[in-house]
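Fold and contact review
One letter stands for each residue in the lines below.
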Amino acid sequence: MTPMADAVPLLRIAGLSAYYGELRAIYDIALDIREGDILAIIGANGAGKSTLLKSIVGLMNRGEAAHIRGRVEFRGRRLDTLETEAIVDAGVTLVPEGRRLFPRMTVEDNLRAGAFLPRLRPTADRRLAEIFGLFPKLRERRRQVVSEMSGGEQQMVAIGRALMSSPSLILFDELSLGLAPAVVDDIYRKVREIHAKGVTCVIIEQDMRRALAVANRVCVMLEGAIVLEGAPAELTEDAITAAYFGSER
Amino acid sequence: MNEDLYWMFIDVANGLLSGSMLGGYYAVIAIGLALNFGVMRLVNLAHGDWLILAAYLAVAFLSMANVSPFWTLLLVVPVMYVIGYVIQRVMLNRVSVQAAERRGMSASFGLMSPLLVTFGMSIVIGQGLLAVFDSNAMAIRNELSFDAIRLGEDLTVSTLRLIFFGIALLMLALVQFFLHGTHMGRAIRAASDDPEIAALMGMNANKVYAVASGISLATAGVAGVMIGMSRSFQPFDGPTFLLIAFGVVILGGLGSMVGALVGGLILGIVQVLAGTYFGPSAQLVAGYILILFVLAVRPQGLFSR
Ligand SMILES: Nc1ncnc2c1ncn2[C@@H]1O[C@H](COP(=O)(O)OP(=O)(O)OP(=O)(O)O)[C@@H](O)[C@H]1O
Ligand SMILES: [Mg+2]
């Protein structure tokens with residue numbers, strides 16, 4: 001990585017709060033994500049992890065009920081004032097919690113839906129082939145309706161669908177939730193491959209050991225705030241556990 | 001061959017044949033309603049009135065240009081598309097189920113406001129047509145009205161109905177291809193499943209819904225011209241056709257164009273057979289009895305899973 005890339009983070013979050021109506025789900029978040037990072041976010045249920053990722057991609061900005069305050073900058077450009085469509089066009093995307101595939105569509109239609117933006121259409125076939133290269137199983141199943149597939153296969157479709165927008169930053173919410181350990185291993189190998197192609201990754205992971213193994217940076221959220229952040233080598237498991245549960249326990 | 005048996009066979013064959021032809025026409029009447037509901041969960045109570053408006057548009061066009069009624073489609077269909085697009089963008093998107101959900105209201109509450117709005121729209125369209133065209137019955141004159149094609153000794157089919165049936169198959173195939181084979185069609189299906197995730201795919205759900213409504217009214221344009229060519233119509237005839245469209249959708253189930261065709265065929269065939277055996281007044285009644293029966297036994301529609 002060049003020093004320049006180090007100097008300007010890919011994504012800079014400052015003073016970010018997000019609200020569901022009156023409820024403030026995250027508050028005053030400051031976080032820099034550098035190009036090439038794999039950042040793992042861990043935290044208890046309800047800590048605000050999903051809300052943080054949804055805020056980045058504009059999904060907390062869509063209705064009167066939910067809204068955000070603060071700044072999100074991607075390559076120096078404000079994202080917090082943009083619609084989700086424009087944020088995805090800029091190169092940031094989310095693999096949502098629970099996968100949220102289009103259940104009645106086939107694998108291929110789900111993937112192609114990810115290349116809807118006019119800029120992406122001319123190269124959609126090429127990227128589809130790349131994704132089939134990454135997940136050969138999906139090529140065999142391309143005509144299958146996704147609601148008939150296993151959780152692991154569905155997660156592959158969700159990841160592939162996000163990759164169809166050729167993002168430079170991809171946010172994974174609960175990558176391994178509800179999947180068998182062997183499947184999780186496989187998914188994480190794929191994430192490493194994706195990262196090796198130059199995509200910066202943020203991963204919400206419930207399993208602390210896995211988070212520490214895959215990430216070059218970890219942050220712990222508690223009750224809507226980031227309470228601990230650092231490289232895995234700098235952090236002890238005790239420190240993380242303390243942060244995860246709150247210091248008084 | 002036994003004479004009675006022969007005539008029984010001919011009756012049934014004629015019933016099936018002209019019932020099918022009628023069914024294709026019914027399917028076209030219903031496509032727009034099915035698309036609106038399948039995609040946006042919008043129950044468009046003004047659907048029938050849009051059909052009648054399209055028929056009047058064709059009449060107005062023909063009063064300016066003396067051409068075959070089929071040419072009116074070139075004007076009526078694009079005009080109806082634009083009307084559908086604009087109405088959805090400036091009005092229906094604001095009161096839609098999806099808008100209600102974004103505001104944190106329940107979907108069942110959200111279903112209410114579009115019902116009221118489209119009901120109001122229905123009244124406005126009817127009154128508007130009355131003001132512009134007065135209440136005299138109109139029809140789109142055409143030379144095919146009384147033509148028939150002989151398929152056998154005692155088996156005939158109306159030329160106009162046959163053409164309509166062909167148009168119906170073509171339209172259903174086009175809409176089906178559009179929904180499944182194009183970027184916009186995929187977007188329409190995606191936005192109907194999950195608007196939030198559609199946004200993550202770079203789709204602007206409101207624009208996508210507007211396109212869907214545009215297409216829905218464009219099909220209503222074709223249906224309106226067909227209605228005008230097959231019978232006379234008046235400003236407040238909309239609800240009659242809304243009822244037919246509901247019947248088709250209830251019988252065939254939602255979402256697929258195949259469902260619209262199947263629903264149309266069932267309704268058409270049952271009506272014609274009932275008319276054959278129990279007289280003309282039984283025709284309408286049989287249709288409604290069938291619909292009520294299906295609603296009682298399989299409220300989700302005959303063919304939906
Ligand atoms: N749609 C919503 N409406 C209202 N409150 C919400 C909504 N979604 C989340 N919240 C609240 O916001 C807070 C943060 O939720 P969030 O989903 O971000 O947590 P999380 O860390 O992702 O939890 P989990 O591990 O369970 O996924 C919680 O208190 C939650 O109850
Ligand atoms: Mg979550």
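Residues numbered from 1 in each chain as written. Chains lettered and ligands numbered in written order. Predicted model: local features only at pLDDT ≥ 70, side-chain atom pairs only at ≥ 80, totals over all residues. Heavy atoms only, no water.

Secondary structure assignment for chain B yields twelve helices and two strands. Sequence-ordered secondary structure for chain B, helices as α and strands as β, is α-α-α-α-α-β-β-α-α-α-α-α-α-α. The C-alpha atoms of chain B give 20 Å as radius of gyration, which agrees with the globular expectation for 305 residues (19 Å, within 12%). Principal-axis analysis of the C-alpha atoms places the extent of chain B at approximately 70 × 50 × 35 Å. (Helix = DSSP H or I, 4+ residues; strand = E, 2+ residues; numbered from the N terminus. Rg over C-alpha atoms; globule rule 2.2 N^0.38 Å.)

Residue and element names in this part refer to chain A. We note that aspartate 28 has phi near 55 degrees; this positive angle belongs to a residue other than glycine. Relative to the helices and strands, aspartate 28 is located in strand β2 (residues 23-33). Its identity is not glycine, yet glutamate 174 carries a phi of approximately 50 degrees, on the positive side. Structurally, the position occupied by glutamate 174 is in the loop between β7 (169-172) and α8 (181-196).

All names here are of chain B. Of the strand pairs in this sheet, strand β1 (residues 148-152) and strand β2 (residues 155-158) are connected by four bridges, and their pairing is antiparallel. If you follow glycine 152 over to β2, its bridge partner there is leucine 155. With antiparallel pairing between neighbouring strands as the criterion, β1 and β2 make up a hairpin whose turn holds two residues. (Pairing = 2+ DSSP bridges.)

Once that is clear, we can look at the site of ligand 1. Residue and element names in this part refer to chain A. Around ligand 1 there are 14 residues in total, and Gly46, Lys49, Ser50, Thr51 and Glu97 lie nearest to it. In this structure, an oxygen atom belonging to ligand 1 sits 2.9 Å away from a main-chain N or O atom of glycine 48. When ligand 1 sits alone it has 630 Å² of accessible area, and the protein chains cover 62% of it. In terms of residue class, the shell around ligand 1 is built from five nonpolar, six polar and three charged. (Near = heavy atom within 4 Å. Polar contact = N/O pair within 3.5 Å; in protein donor to acceptor, adjacent residues only side chain to side chain. Areas by Shrake-Rupley, 256 points an atom, 1.4 Å probe, with all protein chains shown as cover. Nonpolar A, V, L, I, M, F, W, Y, C, P; charged D, E, K, R; others polar.)

This brings us to the coordination of the magnesium ion (ligand 2). All names here are of chain A. Bound to the magnesium ion (ligand 2) are the protein donor atoms Ser50 (OG) and Glu97 (OE), situated 1.9 to 2.6 Å from the metal. Taken together, the residues serine 50 in helix α2 (residues 49-56) and glutamate 97 in the loop between β6 (92-95) and α4 (107-113) connect sequence positions 47 residues apart. Judged by its relative accessible area of 36%, glutamate 97 is partly exposed. (Donors = N, O, S within 2.8 Å, 3.2 Å for Na, K, Ca; no water. Buried < 20%, exposed > 50% of the residue type's maximum accessible area, 1.4 Å probe, protein only.)

For the rest of this paragraph, the subject is the confidence of the model for chain B. Low pLDDT means the predicted coordinates in that region are not meant to be read closely. Chain-level pLDDT for chain B is 91 on average; 98% of the residues reach the 70-or-more range. Interface confidence in the predicted complex, given as ipTM, is 0.90; pTM for the same model is 0.89. (pLDDT = per-residue confidence, 0-100.)

This part takes up the interface of chain A and chain B. On the chain B side, the residues contacting the 26 residues of chain A number 22 residues. Summing the contributions of chain A and of chain B, the shared interface buries around 2,400 Å²; its carbon and sulfur component is 60%. For the pair chain A and chain B, the number of links is five salt bridges. In this structure, aspartate 193 of chain B and arginine 104 of chain A form a salt bridge, with 2.5 Å as the shortest nitrogen-oxygen distance. In this structure, the connection of chain A to chain B is made through five residue pairs in polar contact (both at pLDDT 80 or more). (Contact = heavy atoms within 4.5 Å. Buried area = accessible area lost by both parts, 1.4 Å probe. Salt bridge = Lys/Arg side-chain N within 4 Å of Asp/Glu carboxyl O.)

Turning next to the sheet that holds strand β4 (residues 66-74) of chain A. Where strands meet in a sheet, backbone hydrogen bonds hold them as pairs that are either parallel or antiparallel. All names here are of chain A. Ordered by their spatial adjacency, four strands build an open sheet running β2-β1-β4-β5, and the pairing between neighbours is antiparallel. Edge positions in the open sheet fall to β2 and β5 (77-78), since each of these has one partner strand only. The pairing of strand β1 (residues 11-20) with β4 spans eight bridges and is antiparallel. Counted as the bridge partner of arginine 12 is glutamate 73 from β4. Along the sheet, α2 makes contact with β1, β2 and β4, crossing β1 at roughly 115 degrees. (Axes fitted to C-alpha atoms, helices over the stretch in contact; angles between N-to-C directions.)

The subject of this paragraph is the packing of helix α2 (residues 47-64) of chain B against helix α5 (residues 107-133) of chain B. Residue and element names in this part refer to chain B. At a minimum axis separation of 9 Å, α2 and α5 run at an interaxial angle of 25 degrees. In terms of orientation, α2 and α5 fall into the roughly parallel class. Note that α2 runs across α5; the crossing there is left-handed. Seen from α2, the contacting residues are Asp49, Trp50, Ile52, Leu53, Tyr56 and Ala60; seen from α5, they are Met121, Ser122, Ile125, Leu129 and Phe133. Its residues assigned to classes, the contact of α2 with α5 comprises nine nonpolar, one polar and one charged. (Parallel < 35°, antiparallel > 145°, perpendicular 65-115°, else oblique. Left-handed = near helix turned anticlockwise from the far one by under 90°.)

Close approach of charged atoms lets side chains of opposite charge pair. For the structure on display, the rule yields 25 salt bridges over all chains. With a closest N to O distance of 3.9 Å, aspartate 207 of chain A and arginine 210 of chain A form a salt bridge. A residue is classified by how much of its surface remains accessible, and aspartate 207 of chain A, at 34% relative accessible area, is partly exposed. Its salt-bridge partner being aspartate 237 of chain B, residue arginine 231 of chain B comes within 3.3 Å of it at the nearest N-O pair. Among the charged side chains, a network of salt bridges with common partners joins Glu108, Arg112, Asp125, Arg142 and Arg143 of chain A.

Attention shifts here to the sheet that holds strand β3 (residues 38-43) of chain A. Residues and elements named next belong to chain A. What the six strands build is an open sheet, ordered β6-β7-β8-β3-β9-β10; its pairing is mixed. Two strands lie at the open edges of the sheet, namely β6 and β10 (225-230), each paired on one side alone. Strand-to-strand, the axes of this sheet are offset by a mean angle of 20 degrees, without reference to chain direction. Across the sheet, helix α7 (residues 151-163) lies against β6 and β7, angled at about 170 degrees from β6, the strand it touches most. Sheet strands in contact with helix α10 (residues 237-245) are β3, β9 (217-222) and β10, and its direction is about 30 degrees off that of β9.

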